[in-house]
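Take a look at the letters that make up each chain.
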Amino acid sequence: MMNREQAIAYGRHIGVRYHIYNSRGCLVGGATTLEYAQAMKRNFEIEERTNPWTKGTTRFEIREAK
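A. Spatial organisation of the layout of surface pockets. Taken as a whole, the largest pocket holds about 180 Å³ of empty space. In terms of lining, the largest pocket is formed by Ile-8, Gly-11, Arg-12, Val-16, His-19, Tyr-21, Arg-63, Glu-64, Ala-65 and Lys-66. Those elements giving two or more residues to the lining of the largest pocket turn out to be helix H1 (4-14), strand S1 (18-22) and strand S3 (60-64). By residue number, the principal contributor to the lining of the largest pocket is H1, which donates 3 residues. Looking at the lining of the largest pocket, its residues break down into 4 nonpolar, 2 polar and 4 charged.

And the structure:
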């Protein structure tokens, strides 16, 4: 398990250009292309709808890596 700084550094090393964050500010994924990031976001939103603890209230956003 990596902390946020380690995950971002590893992503930078492998070429991640877009990060996906949830509404609580947690990094949940990274992608090299915008199209793949949008697909990941869509999948996270679909999975979130069936989460019994949050009941689909978590939102996701794509941010460009710095």
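On we go.
B. Main features of the pattern of salt bridges. Going through the model one piece at a time under the given rule, you end up with 2 salt bridges. For Lys-41, the salt bridge is made with Glu-45, and the minimal N-O distance between the two is 3.5 Å. One end of the pair, Lys-41, and the other, Glu-45, are both in helix H2 (residues 34-49), 4 residues apart, so they sit about a helical turn from each other. For Lys-41, a relative accessible area of 25% corresponds to the partly exposed category. For Glu-45, a relative accessible area of 26% translates into the label partly exposed. Between Glu-61 and Arg-63 there is a salt bridge, with the nearest N and O atoms lying 3.3 Å from each other.

Rules of the game
Residues numbered from 1 in each chain as written. Predicted model: local features only at pLDDT ≥ 70, side-chain atom pairs only at ≥ 80, totals over all residues. Heavy atoms only, no water. 1 Å grid on protein atoms, 1.4 Å probe; cavity = no way out; pocket = protein on both sides within 12 Å on 5 of 7 lines; lining within 4 Å. Points joined across faces, edges and corners; volume = space filled by probe spheres on them. Helix = DSSP H or I, 4+ residues; strand = E, 2+ residues; numbered from the N terminus. Nonpolar A, V, L, I, M, F, W, Y, C, P; charged D, E, K, R; others polar. Salt bridge = Lys/Arg side-chain N within 4 Å of Asp/Glu carboxyl O. Buried < 20%, exposed > 50% of the residue type's maximum accessible area, 1.4 Å probe, protein only.

So yeah, pure geometry; function would need other evidence.
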